Amino acid sequence: MFPRGEKNEAYQEVFTGISYLAPLVDESLPVSVSHVTFEPETRNHWHIHDGGYQILLVTEGEGWYQEEGRPARHLQAGDVVVTHDGVKHWHGATQSSWFSHIAITAGTPLWLEAVSDEQYEVTE
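Residues numbered from 1 in each chain as written. Predicted model: local features only at pLDDT ≥ 70, side-chain atom pairs only at ≥ 80, totals over all residues. Heavy atoms only, no water.

Engineer: How do you make sense of the overall build of the chain when you look at a structure like this?
Structural biologist: Along the chain, the regular secondary structure elements total one helix and ten strands. The C-alpha atoms of the chain give 13 Å as radius of gyration, which agrees with the globular expectation for 124 residues (14 Å, within 12%). Along the three orthogonal principal directions, the C-alpha set of the chain runs to about 40 × 30 × 30 Å. Counting contacts in the chain only where the partners sit at least 6 residues apart, residues at least 24 apart contribute 68% of the total. (Helix = DSSP H or I, 4+ residues; strand = E, 2+ residues; numbered from the N terminus. Rg over C-alpha atoms; globule rule 2.2 N^0.38 Å. Contact = heavy atoms within 4.5 Å.)

Engineer: Would you explain the packing of aromatic side chains in this entry?
Structural biologist: The way to describe two aromatic rings as a pair is by their centre distance and the angle between their planes. Applying the stated criterion across every chain yields a total of six aromatic pairs. Measuring from ring centre to ring centre gives 6.0 Å for Tyr20 and Trp98, while their planes differ by 20°; the resulting arrangement is stacked. Residue Tyr20 is located in strand S3 (residues 19-23), and its partner Trp98 is located in the loop between strand S9 (89-93) and strand S10 (99-111); the two are separated by 78 residues in the primary sequence. Since its relative accessible area comes to 10%, Tyr20 is described here as buried. Put simply, the rings of Tyr11, Phe15, Phe38, Phe99 and Trp111 pair up and form one aromatic cluster. Geometry around Tyr120 places Arg43 over its ring, the cationic atom sitting 4.2 Å from the centre. In this arrangement the basic side chain of Lys88 is found over the ring face of Trp46, its NZ or CZ atom lying 5.5 Å from the centre. (Phe/Tyr/Trp six-rings, centres within 6.5 Å; stacked < 30°, edge-to-face > 60°. Buried < 20%, exposed > 50% of the residue type's maximum accessible area, 1.4 Å probe, protein only. Lys NZ or Arg CZ within 6 Å of the ring centre and 35° of its normal.)

Engineer: Would you mind showing me how to read the side chain of Thr105 here?
Structural biologist: Note on placement: Thr105 falls in strand S10. Of note is the side chain of Thr105, whose polar atom sits 2.9 Å from the side chain of Gln54. Setting aside residues up to four positions removed in sequence, Thr105 forms contacts with Val31, Ser32, His49, Tyr53 and Gln54. (Polar contact = N/O pair within 3.5 Å; in protein donor to acceptor, adjacent residues only side chain to side chain.)

Engineer: Just to check I follow, could you spell out the nonpolar core for this structure?
Structural biologist: Buried together is how nonpolar side chains tend to be arranged in soluble globular proteins. Formed by Val14, Phe15, Val36, Phe38, Leu56, Val58, Tyr65, Leu75, Val81, Ala93, Phe99 and Ala103, the largest nonpolar core amounts to twelve residues. Sorting elements by how many residues they give to this core places strand S6 (residues 47-67) first, with three residues. Excluding residues that lie within four positions of it along the chain, Val58 makes contacts with Leu75, Gln76, Ala77, Gly78, Asp79, Phe99, Ser100 and His101. In this structure, Trp64, Trp90, Val115 and Tyr120 belong to the second largest nonpolar core, which totals five residues. (Core = buried A, V, L, I, M, F, W, Y, C linked by side-chain atoms within 4.5 Å.)

Engineer: What is the right way to look at the pairing of S3 in this model?
Structural biologist: Along a regular strand, successive side chains alternate from one face of the sheet to the other. As judged from the two bridges shared by strand S1 (residues 6-7) and S3, these two strands associate in the antiparallel manner. In the strand pairing of S3, Glu6 is matched with Leu21. The sheet contact formed by S3 and strand S4 (residues 32-38) spans five bridges and is antiparallel. Looking at S4, one finds that Leu21 is bridged to Val36. (Pairing = 2+ DSSP bridges.)

Structure, rendered in structure tokens:
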């Protein structure tokens, strides 16, 4: 439905595994809209959106979304996630599936620590 994009080298240091990024709108807008694809076992680091938010529209595969202090939520095509300003969270693919979503993001992402293997393995 949307292009996979190129390997996400610009953000590789805040991902565990391999991801792909396809920007979908002009960068001059105050919000970014991108199609992000994760290979199996790939996830981003814990992060927050300072002065903004993030909306994830799941387009393919199976993945996880977790807010700090809450259980991980299993995601699949058609699911929608809204992350409010300042909420620490991560998202990524399951261990056995590719995962893609449209990320609509406003504000400044503040990247934090990696999701440990122990934290990630609890999701399965």
